[in-house]
Amino acid sequence: MRKTTRKTKQPAAPAAIANVVENTTVADFIENDNLEYMFYTITDRAVPSVIDGMKPGARRMLYSMLKDGVTPDAKPKKSARLVNSAVGQFHPHGGAAMYGMMASTLAANYSRVKLVDGIGDFGGAPGNPPAQDRYTEARLSKHGFELVRELSDRAVPFQPTYDDESEEPVFLSPTFPVLLINGVEGLSEGYRSAVPEHNPHKVMELCIRMIDEPDISDEDIFDILEGPDWGTGGEVIGGRSEVLKYISTGRANLTVRGKLDVDNKAKTVTITEVPPGVAVPKVYDELRDGARNGTIEGVRDVELLSDMKHPIRIVVSGKRGTDMEKLRRDILLTTKLETTYTVLMIALDRNRAPRLWTIREQVEEFLKLREEVLINKTTTQAAKLNKELLKQTALAKVLLDKEKAVKVVMAAKDEKTAAHDLAAAFDITPEQGEIVAALPLRRLSKASVLDAEKKVTKTTKELAAKQKILDSKARRRTVLRKELEETAKLFDDPHYDRKTRLLYDEKPTKKDKKDSAAQLSLWKLDPDMGILSDVGNPIPEGDVVYTAFTGGKIKLFAGGGLPQRITPKTVAPDTSTMIACGTLTPGGQDLLLVSSGGKILKTTTHPDKFKPQGITGTGVAGMKLGNGETLVACLPVNGDEEILTLSTDGWKVTKVSDIPAKGRGGGGVMVHNPKSTSDVVVEAHVSPTGFQVEGKKAKPFKRSAATRKGHPTQWAAVEPEEPTNE
């Protein structure tokens, strides 16, 4: 029997749904909704706090691991379990993002200081993904434990979790400056944070120095830190002044380079270190692409040989006869193995507002945190000692007359009465009476009396020491110094020796301009299509290619970025709006830019004023155009030519020397004044010998003169006169 399904009519939507769609303006949306989201991404996701150096996700992960008991001496647990615990209790975001953060920042082998000990494949090298969280295990490292071990003493303030079911620390209590040592990379709405890593020994030395000498100079800070020290190694090229700059201002640009070892005998270049933030798989792909398209010449093979022992190892083999030093130079020029690291030491302050921080300010915030932690934990410990002192003092008094104490308890009708009567009988507080009443009989031995007296003496002494810390800033400074000296011993291992080499006397790798010019002259140009290849017009040595676009942009190209092997390349990424292309001698010729509105801009091509772009450049500001105007011509000139401009209803010949030279980006001067609103310039030409219009030699007019009416039916450049032999 065939089964049928009866369709039921869906109930009408509630009237409330009709009010879900609201009319609003873009300004109101940005102010009321988008700004709130932007603020959230800045303060609760991407930017670290200067106080503990942690982003919220990392902070919650470490605290959750403490709560789950995976301390350095405990058995590791599955990463999936730890991540789900952190996400479920403290961090309402995706588990994949949390695990990725743990693998790449907390447990990564290339971090300057690992905060999590991972068992399994956590990526090994920058850019390599970790194994799935169900296959790996983790626990707090001894250094990671240093960020959370004091939380049991309420060393920092706590706040409710996102669901109000528990509480979490507002910030952790690290015993070393995490932000300065491990650095950070973060990107949020409107803010980018990039704090370089530094050597742990040097950072701890700086912290101890600033306890004794708070007003240390920036030069002295530089002498101690020396410069960045990334876990991936690499080199800082030049830039001593830039390091000083970020020490004192919080921002700078550093040239960083990986480690490339050349073996001339084996004809190999071996890469074993990469700059910070550069993914190893990306470098490998760049090398293979460069070898394939000829950007890197002389490559026989590229092999990725990374393993557990050598996390970063790429071997580039050269062909027979290849200059290996040139190959190394080409690799640096065409890959991310030499790049610019922009330092932007942005972090949240105590009000959760992002700002730039100098090195001095970061250390001051760390020392301020350490003093607060010392005060808070000492206050908690003093409260515990006070409670213990009350207990031991009461015991000492009561145990001096045990028989009396027993009689009082025996005579009392209940425990509450016994506590009250004991307090009255032995001149102790009701709280102490409750402590004594709860004691078992075995605590009334003679040994207990002596033990209580010893504990009173010991506790009184310890309490006095705690109170001295709370009362004396000088004492706190002494304690802090000792704590920092103990923390510094955590880095007594060769692993924490300097990894990044500081080559302040070297210069960044640059392409030789002569090589670029010689390389461009080996190519040919198709000016109609804007294509460089081995077909077309020869490019004279020393010349550059110029290109102009309808929107007013112009570009000079001297060969930068061209591959060694000649394969067709367009002069710009997008040539769909190109209106002119050719070659010129930079500095020896000017460019005339002609607009449809009749204006002409004459601008210099001297290298000091107009620098060529690379092959991927899209042009620079050439001529500023009016509403509805376009660029119709771009003509190289020497200065002694005449220019013929043709419009839909007019024409005019003008001497080029009558047009003043202006800088790029200007609107030019009026030369061809339109005869009407519908009259637009459509083309322009130059000739050193002048022009014939309608069969007659055209007289050049001043640029201020009126345009000749009517579009000519015929025109031509005047043929140069043949030399006569007399």
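Keep in mind it's a predicted model, so treat the numbers as computed, not measured.

### Focus on the overall build of the protein chain
For the protein chain, the helix and strand inventory stands at 18 helices and 36 strands. Dimensions of the protein chain, computed from the C-alpha atoms along their principal axes, are close to 150 × 80 × 80 Å. Considering the protein chain as a whole, with its 726 residues, one finds that 44% of them fall into the buried category. Counting every atom, the protein chain has about 37400 Å² of accessible surface; 51% of that belongs to carbon and sulfur. Looking at the protein chain, you have 105 positive and 100 negative side-chain charges, and the mean spots of the two groups are 3 Å apart.

### A word on the sheet that holds strand 20 (residues 537-538)
Ordered in space as 20-18-19-23, the 4 strands form an open sheet in which the pairing is antiparallel. Every interior strand has two partners, whereas the edge strands, strand 20 and strand 23 (569-570), have only one.

### Concerning helix 9 (residues 240-249)
Where helix 9 is concerned, the buried positions are Glu242, Val243, Leu244, Tyr246 and Ile247. The secondary structure elements touched by the buried residues of helix 9 are helix 8 (218-225), strand 9 (251-257), strand 14 (338-344) and helix 12 (359-398).

### Observations concerning the nonpolar core
Ranked by internal contacts, the top residues of the largest apolar core, which has 82 residues, are Leu62, Leu106 and Ile359. Residue contacts for Ile359: discarding those within four places in its chain leaves Leu180, His198, Leu206, Ile221, Leu225, Tyr246, Ile247 and Met345. Counting residues in each nonpolar core, the second largest holds 22 residues, with Ile271, Val280, Ala291 and Val302 among its members.

### Concerning the pattern of salt bridges
Tallied over the entire structure, the rule returns 35 salt bridges. Among the salt bridges present, the one from Asp229 reaches Arg498, with a minimum N-O distance of 3.9 Å. Linking Asp229 in the loop between helix 8 and strand 8 (235-237) with Arg498 in the loop between helix 17 (473-488) and strand 17 (501-503), this pair joins segments that are 269 residues apart in sequence. Given a relative accessible area of 29%, Arg498 falls into the partly exposed group. Between Glu483 and Lys377 there is a salt bridge, and its shortest N-O distance comes to 3.1 Å. Separated by 106 residues along the polypeptide, Glu483 in helix 17 and Lys377 in helix 12 bring together distant segments of the chain.

### So, the sheet that holds strand 33 (residues 691-693)
Hydrogen bonds between backbone atoms are what pair the strands of a sheet, whose relative direction is either parallel or antiparallel. Taking strand neighbours across the sheet as the criterion, the 3 strands line up as 34-33-36 in an open arrangement whose pairing is antiparallel. Of all the strands in the sheet, just strand 34 (696-697) and strand 36 (715-717) have a single pairing partner and so form its edges. The pairing of strand 33 with strand 36 spans 3 bridges and is antiparallel. Counterpart to Gln692 in the pairing with strand 36 is Ala716.

### A closer look at helix 7 (residues 200-212)
Taking 1.5 Å as the rise per residue, helix 7 with 13 residues should run 18 Å; its terminal C-alpha atoms sit 19 Å apart, in good agreement. If you check which residues of helix 7 are buried, you get Pro200, Val203, Met204, Leu206, Cys207, Ile208, Met210 and Ile211. Of the surrounding secondary structure, the elements contacted by the buried residues of helix 7 are helix 6 (178-182), helix 8, helix 12 and helix 17.

### Some thoughts on the environment of Leu422
By the element assignment, Leu422 lies in helix 14 (residues 415-426). Sequence separation of Leu422 and Gln432 is 10 residues, and the distance between their C-alpha atoms is 8.7 Å. Once residues lying within four places of it in the same chain are set aside, the contact partners of Leu422 are Ala405, Val408, Val409, Ile428, Gly433, Val436 and Ala437.

### Looking at the confidence of the model for the protein chain
Residues with a pLDDT of 70 or more make up 91% of the protein chain, whose mean pLDDT is 88. Per-residue pLDDT stays below 50 along residues 1-10; that stretch engages in 0 contacts with residues further than four places along the chain or on separate chains.

### Describing the packing of helix 14 against helix 15 (residues 430-437)
Interaxial distance between helix 14 and helix 15 falls to 8 Å at its minimum, and their mutual angle equals 120 degrees. Taken together, helix 14 and helix 15 sit at an angle that is classed as oblique. You can see that helix 14 and helix 15 cross each other, and the crossing is right-handed. The segment helix 14 lies against helix 15, with Glu415, Ala418, Ala419, Leu422 and Ala423 engaging Pro430, Gly433, Glu434, Val436 and Ala437. The class makeup of the residues in the contact of helix 14 with helix 15 is 7 nonpolar, 1 polar and 2 charged.

Reading the values: rules and limits
- Every chain's residues receive numbers from 1 upward, in the order its sequence appears when written.
- With pLDDT at 70 or above as the cut-off, local features in this predicted model cover only qualifying residues; side-chain atom pairs require 80 or more to be listed or tallied, and sums for whole chains, interfaces and linings still use all residues.
- The side-chain values count all of the structure's non-hydrogen atoms but skip hydrogen atoms and water molecules.
- Only DSSP runs of H or I covering at least 4 residues are called helices, and only runs of E covering at least 2 are called strands; the numbering of each starts at the N terminus.
- Remark: exposure states derive from per-residue accessible area (1.4 Å probe, protein chains only) relative to the maximum for the residue type, with buried under 20%, exposed over 50%, and partly exposed in between.
- The Shrake-Rupley method, run with a 1.4 Å probe, gives the accessible areas here. Residue values count only the displayed protein chains as cover.
- His is not counted, nor are the chain ends; Lys and Arg add positive charge and Asp and Glu add negative charge.
- Working definition for charges: the position is that of NZ of Lys, CZ of Arg, CG of Asp or CD of Glu.
- Strands are treated as partners if at least two bridges between them are detected by DSSP.
- Throughout, a contact is declared for two residues whenever any of their heavy atoms are within 4.5 Å.
- Put simply, a nonpolar core is a bunch of buried Ala, Val, Leu, Ile, Met, Phe, Trp, Tyr and Cys residues held in one set by side-chain atoms that sit within 4.5 Å of each other.
- Every case where a carboxyl oxygen of Asp or Glu lies within 4 Å of a side-chain nitrogen of Lys or Arg is listed as a salt bridge.
- An expected span of 1.5 Å times one less than the residue number is assigned to each helix.
- In predicted models, pLDDT denotes the confidence assigned by the predictor to each residue on a 0 to 100 scale.
- The angle between two axes is taken between their N-to-C directions and runs from 0 to 180 degrees, where each axis is a line fitted to C-alpha atoms and a helix contributes only its stretch in contact.
- Put simply, angles under 35 degrees are roughly parallel, angles over 145 are roughly antiparallel, angles from 65 to 115 are roughly perpendicular, and the rest are oblique.
- It is the rotation of the near helix from the far one that decides the hand of a crossing: anticlockwise by less than a right angle makes it left-handed, clockwise makes it right-handed.
- Ten residues, namely Ala, Val, Leu, Ile, Met, Phe, Trp, Tyr, Cys and Pro, are considered nonpolar, four, namely Asp, Glu, Lys and Arg, are considered charged, and the remaining ones, Gly among them, are considered polar.

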